[in-house]
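Results of the structural survey
Now for the letters of each chain:
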Amino acid sequence: MAGAMTIDDIRTIGVVGAGQMGRGIAQVLATAGWNVLLVDVTEEALEAAIRKIWEGVKKAVEKGALRGDQAGSAMALIHPLRHMERLREAQVVIEAIPEEPGMKRALFAQLGQVCAPSTVLASNTSSISIASLGMASGRPDRVVGIHFMNPVPVMRLVEVVRAVETSEYTVQLALDLVRRAGKTAVVCKDFPGFIVNRVLIPMINEAIFALEDGVASADAIDLAMVEGTNHPMGPLALADRIGLDTVLAICEVLHQDLGDPKFRPCPLLRKYVEAGWLGRKSGHGFYLYGDRPVANVT
Ligand SMILES: NC(=O)c1ccc[n+]([C@@H]2O[C@H](COP(=O)([O-])OP(=O)(O)OC[C@H]3O[C@@H](n4cnc5c(N)ncnc54)[C@H](O)[C@@H]3O)[C@@H](O)[C@H]2O)c1
């Protein structure tokens, strides 16, 4: 196969989008020893990303997961960039921009032009069709889903998503990359929500319906799920951590693409997102985030 690589040929990985997920992915890849080109459209996002990655690697040193010199080397491997031209140097590019289908398709069309023909293009999308991104890129055999969980440095699972046109070679390279980054890989097909969000998002949505129906307070719903089902965190606190805009976007994709009314987003979720209550990232969601989260009014 022309331009075929093995995992040992990968030196440089592009990460597009330096938000919550992109910066975590950059941290994990740089810690594993890859050179990372971290691209975002805003200077503020890049500055915040570098600051947060530094906090992340310092935390890893404190926990004994990383030596001090390794933390320094990882930081030196991350190159924040405002433009995409240098992605030509990358053997793999992972996209982590907002969960908006039109925006992602436009980006994949651009990546198809900018990147070398051999570059594998991956998306961290939670729910958008990988086939549609492959089509937009003009190289569908080299497009794959690499879906990290949040927070990336902590969560072990990564879903590797195979679309109908993704080649076996691309899936294998993605699996090797995920494993070398120290994560557990699970392969799944390109269905909306893949495995984790297909199961998780309807549960969160149902918890929001329960809150809307007045079944119980946010605190009580979360406590019930923590103590009653051994979840490490309640569904509403988890929604705040994921970002309520992201939860809504995934719910919309499940609803629309699977065409089943059981995935209908709860109106209360929509209302919060319209109000700019996006969870932890806006300081306001099902809880208020100051020094200590307290249950919000509904
Ligand atoms: N938040 C989660 O828990 C979670 C978990 C798994 C997967 N995801 C997926 O990861 C992706 C990113 O989510 P997030 O929570 O990090 O979003 P975010 O809003 O925190 O970050 C997105 C970043 O992309 C940047 N951006 C927008 N357009 C861009 C462009 N054209 N080029 C470069 N940068 C651009 C923005 O400036 C922002 O910094 C989404 O597809 C989401 O579904 C999110």
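These numbers come from a predicted model, not from an experiment. (Residues numbered from 1 in each chain as written. Predicted model: local features only at pLDDT ≥ 70, side-chain atom pairs only at ≥ 80, totals over all residues.)

**Considerations on the sheet that holds strand β3 (residues 78-81)**
Strand pairing within a sheet occurs via backbone hydrogen bonds; the two strands may be parallel or antiparallel. Spatially, β3-β2-β1-β4-β5-β6-β7-β8 is the arrangement adopted by the 8 strands of the open sheet, whose pairing is mixed. For this open sheet the edge positions go to β3 and β8 (184-189), each flanked by a neighbour on one side alone. Strand-to-strand, the axes of this sheet are offset by a mean angle of 25°, without reference to chain direction. Across 4 bridges, the pairing between strand β1 (residues 12-16) and strand β4 (residues 92-95) is parallel. Its bridge partner lying in β4, V15 is registered against I94. Across the sheet, helix α2 (residues 43-62) touches β2 (35-39) and β3, and the angle it forms with β3 is around 160°. (Pairing = 2+ DSSP bridges. Helix = DSSP H or I, 4+ residues; strand = E, 2+ residues; numbered from the N terminus. Axes fitted to C-alpha atoms, helices over the stretch in contact; angles between N-to-C directions. Contact = placed C-beta atoms within 7 Å.)

**A look at the environment of G19**
On the secondary structure map, G19 appears in the loop between β1 and α1 (20-31). Residue classification places G19 among the partly exposed residues on the basis of 18 C-beta atoms within 10 Å. Remark: the alpha-carbon pair of G19 and P98, spanning 79 residues in sequence, is separated by 8.6 Å. Excluding residues that lie within four positions of it along the chain, G19 makes contacts with A45 and A96. (Buried ≥ 20, exposed ≤ 12 C-beta atoms within 10 Å, placed from the backbone.)

**Comments concerning the nonpolar core**
One finds I25, A26, V36, L38, V93 and V247 to be the most contacted residues of the largest nonpolar core, which totals 84 residues. Summarising the domain contributions, this core has at least three residues from each of domain 1 (7-189) and domain 2 (197-286). Residues in contact with A26, not counting those within four places in the same chain, are V15, V36, L38, A49, I53 and I78. (Core = buried A, V, L, I, M, F, W, Y, C linked by C-beta atoms within 7 Å. Domains from an automatic or database assignment.)

**Details of the domain arrangement of the chain**
A common way to report how large an interface is uses the accessible area buried once the components associate. According to the domain assignment, the chain contains domain 1 (7-189) and domain 2 (197-286). Its C-alpha centre places domain 1 at a distance of 26 Å from the equivalent point of domain 2. Opposite the 5 residues of domain 1 that make contact, domain 2 presents 8 residues. Classifying every residue of the side of domain 1 that touches domain 2 by side-chain character gives 1 nonpolar, 3 polar and 1 charged. (Nonpolar A, V, L, I, M, F, W, Y, C, P; charged D, E, K, R; others polar.)

**Topic: the pairing of β1**
Across the 5 residues that make up β1, a large majority, 5, are buried. Neither face of β1 is exposed, since T12, G14 and V16 on one face and I13 and V15 on the opposite face are all buried. Bridge analysis of β1 against β2 gives 5 bridges, and the strand direction is parallel. Directly across from V16, in β2, lies its bridge partner V39. This β-α-β element, β1 to α1 to β2, shows right-handed connectivity. (Right-handed = clockwise from strand over helix to strand, strands pointing away.)

**Examining helix α11 (residues 267-274)**
Burial in α11 covers these residues: L269, Y272 and V273. Angularly, the buried residues of α11 cover 100° about the axis, an arc narrow enough to put them on a single face. Away from its buried face by more than 90 degrees, α11 exposes P267, K271 and E274. Each element contacted by the buried residues of α11 is listed here: α7 (196-212) and α10 (244-258). Following α11 by one or two positions, G276 has its phi on the positive side, about 80°. (Arc of directions from axis to C-beta.)

**Thoughts on the packing of helix α8 (residues 218-229) against helix α9 (residues 235-242)**
Taken N-terminus to C-terminus, the directions of α8 and α9 make an angle of 105°; their axes are 7 Å apart at the nearest point. Between α8 and α9, the crossing angle belongs to the class labelled roughly perpendicular. Mapping the contact onto sequence places A218, I221, D222 and M225 in α8 and P235, L236 and A237 in α9. By residue class, the composition of the contact of α8 with α9 is 6 nonpolar, no polar and 1 charged. (Parallel < 35°, antiparallel > 145°, perpendicular 65-115°, else oblique.)

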